Amino acid sequence: MIINSVLLLALVLFVLIYWRWSMIQRYIWKRKYIAQGLSRNDKAVLLKYMSIYRHMTDKDRASLERHIVWFLGEKRILGRDGLKVNRAMELVVAADACLLVLNKPWPLYPNVKEVLLYPSSYYVPQTSKDGAGLVNYHTSVRQGESWPGGTLVLSWHDVLEGNRLPGDGHNLVFHEFAHQLDQQTGQTNGTPALISREQYTHWAKVFQRAYSNLKSHVAYQMPHVIHSYGATNEAEFFAVVTETFIEKPAELKSYDPELFTLLCQYYQFNPSDWAKSF
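Before going into details, it helps to say that this report is about the structure given with it. (Residues numbered from 1 in each chain as written. Predicted model: local features only at pLDDT ≥ 70, side-chain atom pairs only at ≥ 80, totals over all residues. Heavy atoms only, no water.)

## Quick word on the environment of Phe269
Next up, step 1: The topology assignment puts Phe269 in the segment after α12 (257–267).
Next up, step 2: Since its relative accessible area comes to 7%, Phe269 is described here as buried.
Next up, step 3: Separated by 169 residues in sequence, Phe269 and Leu100 have C-alpha atoms that sit 9.1 Å apart.
Next up, step 4: Look past the residues within four positions of Phe269 in its chain and what remains in contact with it is Leu99, Leu100, Leu102, Asn103, Phe245, Ile246, Cys264 and Trp274. (Helix = DSSP H or I, 4+ residues; strand = E, 2+ residues; numbered from the N terminus. Buried < 20%, exposed > 50% of the residue type's maximum accessible area, 1.4 Å probe, protein only. Contact = heavy atoms within 4.5 Å.)

Structure below.
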């Protein structure tokens, strides 16, 4: 009888913990990171390398700093090809990544386990089959990749370039972490995780129209604010338009106000507030 009571109690506790695990985990993280913060040297690095950080409101800057502390405590950033990752490099990568989820709760990027940093562009071996079924081996040059299994690969040179030119619409970290947001649904199709069926319906309507417009503008060499690489497929469109949204908000709003509003609603911030001095 006593054993049965103990087992029943254990089962009840297990169920409670299972259903409340996200809340428990956030409490543990809050206790772990509440007293931690960025040092004066850390903030100096961000002021030097991240233009957006310099122009944020105090409230947004504080939110970003809390996320950076959490990100660096929960994710690994590892060097490749002999690159030694230092504190400044970790801060820049984490700051760019956390900007996309500035107003979202922990855990950030739950599928991401590690970021691999190469010194610059890197070679990736590939295979392909021709019409006769023969396998061809070749290599391609890449600046970054986002793998559904939880690994991101970035070129440090291109990470720096993205922050050195904050208004050109190109930022490798924004691009690859946008892919991670897209992949949280289990698919990579340009539609991130949303809350309701109505949101998915509205997203599909606005997103598909904007994507089709870009493909037409690229095909007929018409002016377009969003980089032409976004016309590759829906997944690349989401990643590229995220870069444009953050780095060229005024241009995107003028080019496609409905798309701009959709992205403001999803990301829960308006980058125009930070871009006035770019």
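And the narrative resumes.
## Focus on the packing of helix α6 (residues 87–99) against helix α8 (residues 172–183)
Next up, step 1: Between α6 and α8, whose axes approach to 9 Å, the crossing angle comes to 55°. Judged on the interaxial angle alone, α8 and α6 are oblique. Remark: the crossing between α6 and α8 carries right-handed chirality. Here α6 contributes Val93, Asp96, Ala97 and Leu99 to the contact with α8, which in turn contributes Val173, Phe174 and Phe177.
Next up, step 2: Residues of the contact of α6 with α8, tallied by class, amount to six nonpolar, no polar and one charged. (Axes fitted to C-alpha atoms, helices over the stretch in contact; angles between N-to-C directions. Parallel < 35°, antiparallel > 145°, perpendicular 65-115°, else oblique. Left-handed = near helix turned anticlockwise from the far one by under 90°. Nonpolar A, V, L, I, M, F, W, Y, C, P; charged D, E, K, R; others polar.)

## Things to note about empty space enclosed by the protein
Next up, step 1: One pass over the structure, following the stated rule, counts one cavity of 30 Å³ or more.
Next up, step 2: Around the largest cavity, the lining residues are Met50, Ser51, Ile52, Asp96, Gly162, Asn163, Pro166, Asn171, Phe174 and Glu247.
Next up, step 3: Every element with two or more residues in the lining of the largest cavity is listed here: α4 (51–55) and α7 (156–164).
Next up, step 4: Considering only residue class, the lining of the largest cavity consists of four nonpolar, four polar and two charged. (1 Å grid on protein atoms, 1.4 Å probe; cavity = no way out; pocket = protein on both sides within 12 Å on 5 of 7 lines; lining within 4 Å. Points joined across faces, edges and corners; volume = space filled by probe spheres on them.)

## Notes on the sheet that holds strand β2 (residues 114–118)
Next up, step 1: What the four strands build is an open sheet, ordered β1-β2-β6-β5; its pairing is mixed. Both edges of this open sheet fall to β1 (76–79) and β5 (144–147), since each of them pairs with a single strand only. Taking the axes of each pair of neighbouring strands and ignoring which way they run, one obtains an average angle of 15° across the sheet.
Next up, step 2: Direction of pairing for β1 relative to β2: parallel, over a ladder of four bridges. Residue pairing in the sheet places Arg76 in a bridge with Glu114 of β2.
Next up, step 3: Along the sheet, α7 makes contact with β2 and β6 (151–155), crossing β6 at roughly 75°. (Pairing = 2+ DSSP bridges.)

## Things to note about the pattern of salt bridges
Next up, step 1: Here the structure, examined in full by the defined rule, presents eight salt bridges.
Next up, step 2: Note that Arg142 and Glu145 form a salt bridge whose closest N and O atoms lie 2.5 Å from each other.
Next up, step 3: Between Arg164 and Glu161 there is a salt bridge; the shortest N-O distance is 2.9 Å. Of this pair, Arg164 and Glu161 are both found in helix α7, three residues apart, which corresponds to roughly one turn of the helix.
Next up, step 4: What you see here is one network of salt bridges that share partners, running through Arg209, Asp256 and Glu258. (Salt bridge = Lys/Arg side-chain N within 4 Å of Asp/Glu carboxyl O.)

## Brief notes about the nonpolar core
Next up, step 1: The biggest cluster of nonpolar side chains holds 71 residues, and the ones touching the most others in it are Ile68, Phe71, Tyr109, Phe177, Leu259 and Tyr267.
Next up, step 2: Considering each element in turn, this core owes the most residues, nine residues, to α6.
Next up, step 3: Those residues in contact with Phe177, other than ones at most four positions away along the chain, are Phe71, Ala97, Leu100, Tyr109, Val112, Val115 and Leu152.
Next up, step 4: Of all hydrophobic cores here, the second largest spans five residues; its members include Leu116, Tyr122, Val124 and Val153. (Core = buried A, V, L, I, M, F, W, Y, C linked by side-chain atoms within 4.5 Å.)

## A look at the packing of aromatic side chains
Ring pairs (aromatic) are described by centroid distance and by the angle formed between their planes.
Next up, step 1: Counted according to the given criterion, the structure contains 18 aromatic pairs.
Next up, step 2: Between Trp203 and Phe238, the aromatic rings sit 5.9 Å apart at their centres with planes inclined by 65°, giving edge-to-face as the arrangement. Taken together, the positions of Trp203 in helix α9 (residues 197–219) and Phe238 in helix α10 (residues 234–247) put the pair 35 residues apart, joining distant regions of the chain. There is no split in this pair, since Trp203 and Phe238 are both buried. (Phe/Tyr/Trp six-rings, centres within 6.5 Å; stacked < 30°, edge-to-face > 60°.)

## Some thoughts on the packing of α10 against α12
Next up, step 1: α12 packs onto α10 with a crossing angle of 90° between their chain directions and a minimal axis gap of 11 Å. When the axes of α10 and α12 are compared, the pair comes out roughly perpendicular. Residues Phe237, Phe238, Val241, Thr242 and Phe245 of α10 form the contact with α12, whose own contacting residues are Leu259, Phe260, Leu263, Cys264, Tyr266 and Tyr267.
Next up, step 2: Grouping the amino acids of the contact of α10 with α12 by side-chain chemistry returns 10 nonpolar, one polar and no charged.

## Points about the layout of surface pockets
The gaps of empty space that remain are located by a probe, the size of a water molecule, rolled over the atoms.
Next up, step 1: Counted as a void, the largest pocket has a volume near 600 Å³.
Next up, step 2: As for the largest pocket, its lining consists of 23 residues, of which Gln143, Leu172, His175, Glu176 and Tyr229 are closest to the centre.
Next up, step 3: Put simply, the parts of the chain that give the lining of the largest pocket at least two residues each are β5, α7, α8 and α10.
Next up, step 4: With five residues, α8 is the single largest residue contributor to the lining of the largest pocket.
Next up, step 5: Classifying every residue of the lining of the largest pocket gives four nonpolar, 11 polar and eight charged.
Next up, step 6: In this structure, the second largest pocket spans a volume of roughly 430 Å³.
Next up, step 7: Together, 19 residues line the second largest pocket, and Lys104, Ala193, Leu194, Tyr266 and Gln268 are the ones closest to its centre.
Next up, step 8: When residues of the lining of the second largest pocket are traced back to their parent elements, those giving at least two are α9 and α12.
Next up, step 9: Classifying every residue of the lining of the second largest pocket gives 13 nonpolar, five polar and one charged.

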